[in-house]
Each structure stands twice: as structure tokens, then as C-alpha cells.
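Commentary on secondary and tertiary structure
If you want the building blocks of each chain, they are given just below.
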Amino acid sequence: MRHQKTGVKLGRTSSHRKALFRNLVTSLFKFDHIQTTDVKAKELRKWADDMITLAKRGDLHARRLALAVITEKDVVYKLFNEAGVRYGDINGGYTRIIKVGRRPGDAAPISLIELVGIEKGLAFEPRKKKSLGYRPSKNKKIKSTESKKLENEIKPVVTTSSESNADRTTGDAKSSIS
């Protein structure tokens with residue numbers, strides 16, 4: 001019997017199930033809504049409500065507990081900055097589940113789970129990362145003015161056949177010709 005046992009098993013081991021919900025809750029707070037199966041969405045609601053409750057507390061211990069679950073530091077930063085504004089006056093019910101339909105491959109019921117109060121959210125700007133020095137990107141194209149400067153700086157050396165033959169025979173032949 002499963003007395004006093006909460007949560008769904010989903011046919012997974014406990015470590016796999018924990019990793020699955022950690023990734024789902026991270027994606028939910030990163031994108032504000034995700035699509036998943038009905039059963040996963042209902043269980044994810046519990047995880048998300050716990051994280052928002054921690055974020056409303058806002059102290060260092062709560063932040064460390066949230067970092068133990070959410071896999072990205074920037075997502076925790078976003079959550080803790082927005083929680084007071086977005087959910088300050090609400091005491092639960094932070095998510096909304098909307099049934100979308102069935103998945104084409106296996107006809108599993110799919111739901112959209114989203115955070116309530118999206119309209120109250122702040123415009124999120126991720127924190128600036130520390131610069132480790134100048135590292136030019138390989139994918140950036142050189143602008144036309146920069147390419148002209150490079151063409152002017154790099155001039156190919158063109159030698160005539162008589163100069164090249166003279167260079168091969170003696171090193172002083174070039175100085176005597178000019």
C-alpha cells in the first residue's frame with residue numbers, strides 16, 4: 001500500500017524522476033510556459049509552487065535550496081527577482097494547466113502549464129557575465145572597412161624571375177641590381 005506516499009512514479013527510477021522534474025521546473029521558470037503530458041504537468045505544479053514559495057521568502061538559505069533543484073543560476077536569479085512583484089499577494093495557485101489535446105505519436109494527453117501573473121512580470125535581463133578578456137568570435141564577419149584596412153596592410157610580394165634566380169644563387173645579387 002502507498003499510504004503517506006506523495007508523487008507519481010511514471011515508470012522511472014527515483015533518480016531519473018528527480019532529474020526529469022528538475023529539468024521541467026527549470027524550463028518552466030525559464031520560458032514561463034511549457035507543454036508536457038497531463039500527469040507530468042500535475043506533478044510539476046507541486047515542484048513549481050515549492051520553488052515560488054522559496055523565492056517569496058528570498059533569504060540566502062531559500063536561494064540555496066532553490067539552487068539545489070533548479071539547474072541554471074540565471075533562472076534562479078530571475079525567479080527571485082520577479083517573485084515578490086509577481087506573486088506577492090497570492091498564497092498559492094501559481095500555475096495554470098490547460099489541456100491542449102493528444103500527442104500525434106502515442107495519443108498521450110498533452111497539457112500546457114504556465115505561470116500565473118505573466119502580465120505582472122518584469123522584463124527580464126540576465127545578469128552580465130564577467131569578461132574573461134578579449135576573445136574574438138569565429139563566426140563574426142569582418143566589416144568592409146576593416147577588410148579594406150587588412151588588404152592595405154597585407155601586400156603580396158611579387159618578384160620577377162631574374163630577381164628570384166639571383167636570390168637563389170647569391171644573397172648579394174639583389175642589392176647589386178637595385
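Here, the structure is the one placed above.
In short, a report on the structure. (Residues numbered from 1 in each chain as written. Predicted model: local features only at pLDDT ≥ 70, side-chain atom pairs only at ≥ 80, totals over all residues. Heavy atoms only, no water.)

A look at the overall build of the chain
As a reminder of what qualifies: In DSSP terms, a helix is any run of H or I states spanning at least four residues, a strand is any run of E spanning at least two, and both are numbered starting from the N terminus. Only protein chains enter the area calculation, which uses a 1.4 Å probe; residues under 20% of their type maximum are buried, those over 50% are exposed, and those in between are partly exposed. Only heavy atoms matter for contacts: two residues are in contact if any of them lie within 4.5 Å across the pair. All accessible areas in this document rest on Shrake-Rupley with a 1.4 Å probe, and a residue is counted as covered only by the protein chains that are shown.
Within the chain, the secondary structure is distributed over seven helices and three strands. Going from N to C terminus, the chain has its helices and strands arranged as α-β-α-α-α-β-β-α-α-α. Sorting the 178 residues of the chain into buried and exposed places 28% on the buried side. In the chain, of all internal contacts separated by at least 6 residues, the share reaching a separation of at least 24 is 59%. Counting only carbon and sulfur atoms, one obtains 53% of the accessible surface of the chain, whose full area is about 13,400 Å².

Overview of the environment of Asp-59
Along the chain, Asp-59 falls in the loop between α2 (38–57) and α3 (60–69). Sequence spacing of Asp-59 and Phe-80 is 21 residues, and the spatial spacing of their C-alpha atoms is 9.5 Å.

Some remarks on the packing of aromatic side chains
Quick reminder of the rule: Only the six-membered ring of Trp is used, alongside the rings of Phe and Tyr, when aromatic pairs are assigned; centres must lie within 6.5 Å, and planes under 30 degrees apart are stacked while those over 60 apart are edge-to-face, with the rest tilted.
Applying the stated criterion across every chain yields a total of two aromatic pairs. Ring geometry for Phe-21 and Trp-47: centres 5.7 Å apart, planes at 25 degrees, overall stacked. Highlighted residues: Phe-21 in helix α1 (residues 14–31) and Trp-47 in helix α2, separated in sequence by 26 residues. A relative accessible area of 2% means that Phe-21 is categorised as buried. According to the relative accessible area criterion, Trp-47 is partly exposed, its value standing at 21%.

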